[in-house]
Amino acid sequence: MKLIIHGGFFSESDQSHDTKIAKQNALKSIIEKSYEFLKSNSAYDTVAYAVSLLEDDELFNAGIGSQIQSDGVIRMSAAIMDGDSQKLSGVINIENVKNPIFVAKALRQEDDRVLGGSGAKNYATEHGFEDFSTEIPQRRSEYDAKLKTGGKGTVGAVAIDSNGKLAVATSTGGKGFEIPGRISDSATVAGNYTNEYCAVSCTGVGEDIVSNATSAKIVTRVTDGMSIEDAFAKTFTELKQIDGFAGAIGIDNKGNIFHQDSYPTMVFASFDGENFEVFD
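Residues numbered from 1 in each chain as written. Predicted model: local features only at pLDDT ≥ 70, side-chain atom pairs only at ≥ 80, totals over all residues. Heavy atoms only, no water.

## Describing the sheet that holds strand S11 (residues 266–271)
Strand-to-strand pairing in sheets goes through backbone hydrogen bonds, with the strands running parallel or antiparallel. With mixed pairing, 8 strands are arranged side by side in an open sheet as S4-S3-S2-S6-S5-S1-S11-S12. The sheet is open, and its two edges are formed by strand S4 (114–116) and strand S12 (276–278), each paired on a single side. In this sheet, neighbouring strand axes are inclined to one another by 5° on average, regardless of whether the strands run parallel or antiparallel. Bridge count between strand S2 (residues 76–82) and strand S6 (residues 166–172): 6 bridges; the pairing is antiparallel. Of the residues in S6, the one forming a bridge with Ala 78 is Ser 171. (Pairing = 2+ DSSP bridges. Helix = DSSP H or I, 4+ residues; strand = E, 2+ residues; numbered from the N terminus. Axes fitted to C-alpha atoms, helices over the stretch in contact; angles between N-to-C directions.)

## Section: the sheet that holds strand S8 (residues 198–204)
Strand order in the open sheet formed by 4 strands is S7-S8-S9-S10, and the pairing between neighbours is antiparallel. Both outer strands of the open sheet, strand S7 (192–194) and strand S10 (257–261), are each paired with one neighbouring strand and no more. Shown here is a sheet whose adjacent strand axes are inclined to one another by a mean of 10°, direction ignored. Across 3 bridges, the pairing between S7 and S8 is antiparallel. Paired with Thr 194 across the bridge in S8 is Ala 199. Each of S7, S8 and strand S9 (246–252) touches helix H7 (residues 214–223); the most contacted strand, S8, lies at about 155° to it. Contacts from helix H8 (residues 228–241) reach S8, S9 and S10 within the one sheet, and its direction differs from that of S9 by about 160°. (Contact = heavy atoms within 4.5 Å.)

Functional significance is not addressed by these values, which are geometric in nature.
Here it is, written out as structure tokens:
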């Protein structure tokens, strides 16, 4: 059993040493809780749980604390996928729900598994998800002052469970000040992808991740026999050719954990039951 999570980039807004320590502590706490959950639950349920904890922490740009778009509205996206069925389900530009990842998870049972905008919100309401504003004062003050943050904030989790099953989940509050209707990478296979060989979640500039097809490329290369390290290296070399801004976390079916970013510093933590690694 192993788990790795990410919480965007440290450079996504003005950051202090205190904020860095707070994020390190938050990630360690979340990954400890999530690993304990993984002991008695599947990788699929665990990545949803881990991402929900990240969504509930206003330090990260997903769920509570999501960025505000150019028209003053928060719209969020999330997706989840398991390696066995390879069914990705997700929501795009959903408004006023506390945990988009749980709406994405609920959609797995449907034939239409990726919903956007009002359709996603209507589905959430019909399935018992309460109306909830994820706006916090800091995001409103940033919006009012037109302080753009660069759009590097997403959260994600990748897990392998005791049965060797892989799963991945990703959630984002957007990049801030984007044109309404903009589609992020998080609910696409570019930003969130797994099969039985490898699982990968991305963070960074969504347009770069989509152009590079980052998650899908890494997973496909591992499937075709590359080591996870080499698959990351080749994909990030291609990302560099377009000056892409991204970070990714992954686990293969042998339990190898890997992470890489194209610019400093992706915020992440991993745990294998004995050893912690937390971004520095």
